[in-house]
Amino acid sequence: TERLWVFSRPVRGRGCFDMRLTDILNQDCIIPDLKGHEKRETLEEMAKELAFRFADINRDKLLEAIFEREKLGSTGIGYGVAIPHVRLKGVNTIAILFGRSNKGVEFQAMDGRPAHLFFLIAVPEDSNTAHIKVLARISGLLKDTGFRKQLMEASTQEEIYSIIVKEDKKLS
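### Examining the pairing of strand S5 (residues 95–105)
Phase 1: Most of S5 is tucked away: nine of the 11 residues are buried.
Phase 2: As paired elements, strand S1 (residues 30–31) and S5 share two bridges and run parallel to each other. Each residue of the ladder has a partner; that of Ile-31, found in S5, is Gly-99.
Phase 3: Judged from the seven bridges that link them, S5 and strand S6 (residues 115–124) form a sheet pairing that is antiparallel. By the bridge assignment for S6, Ala-95 is matched with Ala-122.

Right, dumping it as C-alpha cells:
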C-alpha cells in the first residue's frame, strides 16, 4: 500500500458543523477488521496505520497523545462506538482513520459495552474549531442505529466507505 500525502480540501458553502466526513476521510483509511483484542492493541494498530497513511504524523507521538487523552476519560462513547481524538503538534491537516472490530474491544465505554466501531482523529495542535467540527459530524452520523448496523454488516473496505459516503450526504 502506498503512503499518502493528504491535504485538507476546502469545505465551501457549508455551515460550521456541516463539514462532510468524506471531505477528509478516504477509502484507504478504513480498516474493516481490526485485529487487536484489547484497548491498547487496538489503539496501537490504528495509530500505526494512520501514521503510515499521513506523512506528517509520527506514530510514537500519536500514541503518546492518544494514551494521555484516554487518561482524561475513555473516548468510548457507548453503543459500540469509540472516537479516540487528539490534537498533535506537527500535524498539518485533519487525519481520520475508521476501524471496525467484529469481536469488540473493551474500551471502558460509558455504557460498559465493548466498542466495535472506531474513528481515530488527529488534528493540528492549534485547530480547536476543526476538532469540534469533526467530532460533531462523526457523532451525528453514529447516533443513527441503522448506520451503525450497516457498518457492522458490511463485508469490505469499499462497502464500508460507500455506506459512510451515502449517510454523510444525507446530513448535508
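Now that the structure has been shown, we can carry on.
### Some words on the packing of helix H1 (residues 39–53) against helix H2 (residues 59–72)
Each pair of packed helices gets described by two things: the angle between the helix axes and the distance between those axes.
Phase 1: Where H1 meets H2, the axes come as close as 9 Å, and the angle between the chain directions of the two elements is 140 degrees. Of the possible angle classes, the one that applies to H1 and H2 is oblique. Our pair here, H1 against H2, has a crossing hand that is right-handed. Packed against H1, whose contacting residues are Lys-39, Arg-40, Leu-43, Glu-44, Ala-47, Lys-48, Leu-50 and Ala-51, the element H2 presents Arg-59, Leu-62, Leu-63, Ile-66, Phe-67 and Glu-70 at the interface.
Phase 2: Of the residues contributing to the contact of H1 with H2, the split by class is eight nonpolar, no polar and six charged.

### Notes on the packing of helix H3 (residues 128–142) against helix H5 (residues 157–171)
Phase 1: Axis separation between H3 and H5 bottoms out at 10 Å; the angle between their running directions is 105 degrees. The angle between the axes of H3 and H5 places the two elements in the roughly perpendicular class. From H3, Arg-137, Gly-140 and Leu-141 reach across to H5, where they touch Glu-167, Asp-168 and Leu-171.
Phase 2: Grouping the constituent residues of the contact of H3 with H5 by class yields two nonpolar, one polar and three charged.

### Some words on the packing of aromatic side chains
By convention here, two paired aromatic rings are described through the distance between centres and the angle between planes.
Phase 1: Under the counting rule described, the total for this entry stands at two aromatic pairs.
Phase 2: Ring centres of Phe-107 and Phe-118 lie 5.3 Å apart, and the angle between their planes is 65 degrees; this geometry places the pair in the edge-to-face category. Of this pair, Phe-107 sits in the loop between S5 and S6 while Phe-118 sits in strand S6, placing them 11 residues apart in sequence. The pair formed by Phe-107 and Phe-118 is uniform in burial state, with each residue classed as buried.
Phase 3: Looking at Lys-39, its charged tip hangs above the ring of Phe-107, at a distance of 4.7 Å from the centre.
Phase 4: Note that Arg-40 overlies the ring of Phe-67, its terminal NZ or CZ placed 4.1 Å from the centroid.

### A few points about the pairing of S6
Phase 1: Buried residues dominate S6, accounting for nine of its 10 residues.
Phase 2: One ladder, built from two bridges, connects strand S3 (residues 81–82) with S6; its direction is parallel. Following the sheet pairing, Val-81 is matched in S6 by Leu-117.
Phase 3: Relative to S6, strand S4 (residues 85–88) runs parallel, the two sharing four bridges. Looking at the pairing, Leu-88 lines up with Pro-124 of S6.

Analysis parameters
- Residues numbered from 1 in each chain as written.
- Predicted model: local features only at pLDDT ≥ 70, side-chain atom pairs only at ≥ 80, totals over all residues.
- Heavy atoms only, no water.
- Buried < 20%, exposed > 50% of the residue type's maximum accessible area, 1.4 Å probe, protein only.
- Helix = DSSP H or I, 4+ residues; strand = E, 2+ residues; numbered from the N terminus.
- Pairing = 2+ DSSP bridges.
- Axes fitted to C-alpha atoms, helices over the stretch in contact; angles between N-to-C directions.
- Parallel < 35°, antiparallel > 145°, perpendicular 65-115°, else oblique.
- Left-handed = near helix turned anticlockwise from the far one by under 90°.
- Contact = heavy atoms within 4.5 Å.
- Nonpolar A, V, L, I, M, F, W, Y, C, P; charged D, E, K, R; others polar.
- Phe/Tyr/Trp six-rings, centres within 6.5 Å; stacked < 30°, edge-to-face > 60°.
- Lys NZ or Arg CZ within 6 Å of the ring centre and 35° of its normal.

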